[in-house]
Amino acid sequence: MQQKVSLQLLPPQLANAANIITAIAKATGKKESSITGFHIQKQSIDARGRTIWINCTVNAFIDEPFQQRVIHSFHFKEVGNANKKVIIIGAGPAGLFAALQLLELGIQPIILERGKDVRARRRDLAILNKEGIVNPDSNYCFGEGGAGTYSDGKLYTRSNKRGDIDRILNLFVHFGAEEKILYEAHPHIGTNKLPNIITAMREQLIASGAQFIFEKKVTDLVIDADKVMGIGTADGDFFKGDAVILATGHSARDIFELLHRKKITIEAKPFALGVRVEHPQMLIDQLQYHCTSRGEYLPPAAYSLVQQVNGRGVFSFCMCPGGIIAPAATSPGELVVNGWSPSKRNNPYANSGMVVQVEIADAASARKKNTQLSQDQADNPLQLMWFQQMVEQQCYTAGGGNFKAPAQRMVDFSERRLSTSLPTCSYQPGLTSVQLSEVLPDFVYDCLAKGFKVFGKKMKGYFSNEAIVVATESRTSSPIRIPRDINTLTHPQLINLYPCGEGAGYAGGIISAAMDGERIAKQIEKVIGTPKL
Ligand SMILES: Cc1cc2nc3c(=O)[nH]c(=O)nc-3n(C[C@H](O)[C@H](O)[C@H](O)COP(=O)(O)OP(=O)(O)OC[C@H]3O[C@@H](n4cnc5c(N)ncnc54)[C@H](O)[C@@H]3O)c2cc1C
């Protein structure tokens, strides 16, 4: 028989299958020899008390032969000759998972991506990190796999559509991710492993007859009445399809501008902006695990903090244990930071975005300090995008150029004191000691300065001058929403344009972007019908 068993284990116990069998035998009252094997179904760390426990649920095989875990299988159809074609703009998680879903439905995806493939893209990241030169089409946000490729690869989501989440996780495993992402409470792939997984997805798409074209920047939508007839690209090409999925991510400012210029409705959308904070990982381990050293069995510790300050949410975002702070700008002259970590999370730093909710009215009120936005701009749907860009430009200037980031020690930050020295930091292009209250919008600075102190009370030791504050974490989510009809999922003005993923405002992370891509693909199949193959 097979039996679900809940176990509470010490970290070293989990590292050894024989210990787990002993624990299963104890929990079920069966003999150890009758337990032929088990699969872990859920696993999480409970670090609330002095003793750290690993809680897990296992499926135990008792008095019957052990069987390997069943991984969901997928059937991708050959679509090279399909009579239905869908153009997908952008090969991020939304575009890629839409494309894979279209293959299953027998529809040919034509994927147009402004950036390069993962391998070529890696060279552009090295130039950005070492020489401070950004390629506007190939960077941490643009290129094969989108912002998801050189990301941390944390696969959590606030969505509760368990079936859909499991499907996405199984697809990741199908393309090479480790099975443990299927049961860990906080699954994580790591930047070193994501490129191979993304490459495997592309190889499947091409083998099944999809078109996948790199360095194809979409610059125009050709519209007739209420339909997009085709797509124009920067190099003068034109593509036609039965539907168009617009999955260009939150950093494709030229796409937002294009839509606005063509009078296709877009809306300003609240987002969050702030800084990235980095502590020594050992300090975070000590605080979270109540120990001097976490030892070999526990993973580097994470944290999640949230607080209302001055009536606004201040919260940690995209925490990367054992991670690196990366330059995530997409244009020269703008400074943006984000974080990633390798699968082993074995860097000596723990970083996290620490951001403040930005409302639509803030773009106008922030003019007091940052004078760039005129009244006309402040009434425009692009206003929060311009506000975001303005802060990024100020940070670039304050850092002194070449993507050196303005930074300050945490206590100095909250007490408006210029740091006389900065601790070592994972951010490769370098740092400049700056009074960040002079760079960030006042409301962002005030909320963060107070928020850090509150977080220091919640997590004693967090508020420390060992921690460094690096500006600016500004690409947390899209500052614009591209509206879509709740039933048809198309843009209200254009019957075959499907805004999709994070850039359109319908996702916030890899999993939710992937789920949105799948949802759009299924909807398109309902509209354009079952294709002839
Ligand atoms: C450093 C970093 C770390 C992150 N870590 C995590 C994490 O651990 N977990 C998590 O869930 N999320 C993480 N994220 C966020 C996550 O990557 C995004 O939420 C996700 O990638 C959004 O998917 P998307 O497909 O909607 O858009 P994107 O991934 O942004 O993809 C959009 C694609 O469109 C392309 N494109 C843009 N304009 C055009 C055009 N005009 N023509 C053709 N192509 C175009 C871009 O090149 C890009 O490939 C991280 C992001 C970064 C930058």
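Right above here is the structure, for reference.
Remember, it's a predicted structure, so these values are computed and weren't measured experimentally.

S.K.: Quick question: what am I supposed to make of the packing of helix 7 (residues 253–261) against helix 11 (residues 383–399) here?
M.R.: Their axes nearest at 12 Å, the elements helix 7 and helix 11 cross at an angle of 150°. Our pair here, helix 7 against helix 11, has a crossing hand that is left-handed. Here helix 7 contributes Arg253, Phe256 and Glu257 to the contact with helix 11, which in turn contributes Met385, Trp386, Gln388, Gln389 and Glu392. Considering only residue class, the contact of helix 7 with helix 11 consists of 3 nonpolar, 2 polar and 3 charged.

S.K.: Explanation requested: the side chain of Asp516 in the structure shown.
M.R.: Following the sequence through the fold, Asp516 ends up in helix 15 (residues 510–528). Within the local environment of Asp516, its side chain forms a polar contact with the side chain of Arg484, the two groups lying 2.7 Å apart. Ignoring any residue separated from it by four or fewer positions in sequence, one finds Asp516 in contact with Arg484, Cys500, Gly501 and Tyr506.

S.K.: Teacher, can you tell me more about the packing of aromatic side chains here?
M.R.: Centre-to-centre distance and the angle between the planes together describe a pair of aromatic rings. What the rule picks out here adds up to 11 aromatic pairs. With centroids separated by 4.9 Å and ring planes inclined at 50°, the aromatic side chains of Phe413 and Tyr445 adopt a geometry described as tilted. In this pair, Phe413 sits in helix 12 (residues 410–414) while Tyr445 sits in helix 13 (residues 442–458), placing the two residues 32 residues apart along the sequence. Ring centres of Phe455 and Tyr462 lie 6.3 Å apart, and the angle between their planes is 85°; this geometry places the pair in the edge-to-face category. This pair shows no difference in class: Phe455 is buried, exactly as Tyr462 is. The rings of Phe74, Phe76 and Phe175 are connected pair by pair, giving a single aromatic cluster. In this arrangement the basic side chain of Arg481 is found over the ring face of Tyr506, its NZ or CZ atom lying 5.4 Å from the centre. Note that Arg484 overlies the ring of Tyr506, its terminal NZ or CZ placed 3.7 Å from the centroid.

S.K.: Explanation requested: the site of the ligand in the structure shown.
M.R.: Within the structure, the ligand sits among 36 residues, and Glu113, Ala147, Lys154, Glu502 and Ile510 are positioned closest to it. At a separation of 3.2 Å, an oxygen atom of the ligand approaches a polar backbone atom of Gly153. Interatomic distance of 3.1 Å between a backbone N/O atom of Gly509 and an oxygen atom of the ligand. Of all the secondary structure elements, the ones that give two or more residues to the shell around the ligand are helix 3 (93–105), strand 16 (337–340), helix 14 (501–504) and helix 15. Per-class residue counts for the shell around the ligand are 16 nonpolar, 13 polar and 7 charged. Viewed by domain, the shell around the ligand spans two of them, domain 2 (85–267 + 480–528) and domain 3 (270–473), each represented by three or more residues.

S.K.: How should helix 8 (residues 281–289) be read in this particular structure?
M.R.: Because the α-helix completes a turn every 3.6 residues, residues three or four places apart line up on one side. Those residues of helix 8 that sit buried are Gln281, Leu283, Ile284, Asp285, Leu287 and Tyr289. Structurally, helix 8 contributes buried residues whose contacts are with strand 2 (35–46), strand 12 (271–280) and strand 17 (349–358). His290 lies just past helix 8 and shows a positive phi near 50°.

Here is what the cut-offs are and how they apply
Residues numbered from 1 in each chain as written. Predicted model: local features only at pLDDT ≥ 70, side-chain atom pairs only at ≥ 80, totals over all residues. Heavy atoms only, no water. Axes fitted to C-alpha atoms, helices over the stretch in contact; angles between N-to-C directions. Helix = DSSP H or I, 4+ residues; strand = E, 2+ residues; numbered from the N terminus. Left-handed = near helix turned anticlockwise from the far one by under 90°. Contact = heavy atoms within 4.5 Å. Nonpolar A, V, L, I, M, F, W, Y, C, P; charged D, E, K, R; others polar. Polar contact = N/O pair within 3.5 Å; in protein donor to acceptor, adjacent residues only side chain to side chain. Phe/Tyr/Trp six-rings, centres within 6.5 Å; stacked < 30°, edge-to-face > 60°. Buried < 20%, exposed > 50% of the residue type's maximum accessible area, 1.4 Å probe, protein only. Lys NZ or Arg CZ within 6 Å of the ring centre and 35° of its normal. Near = heavy atom within 4 Å. Domains from an automatic or database assignment.

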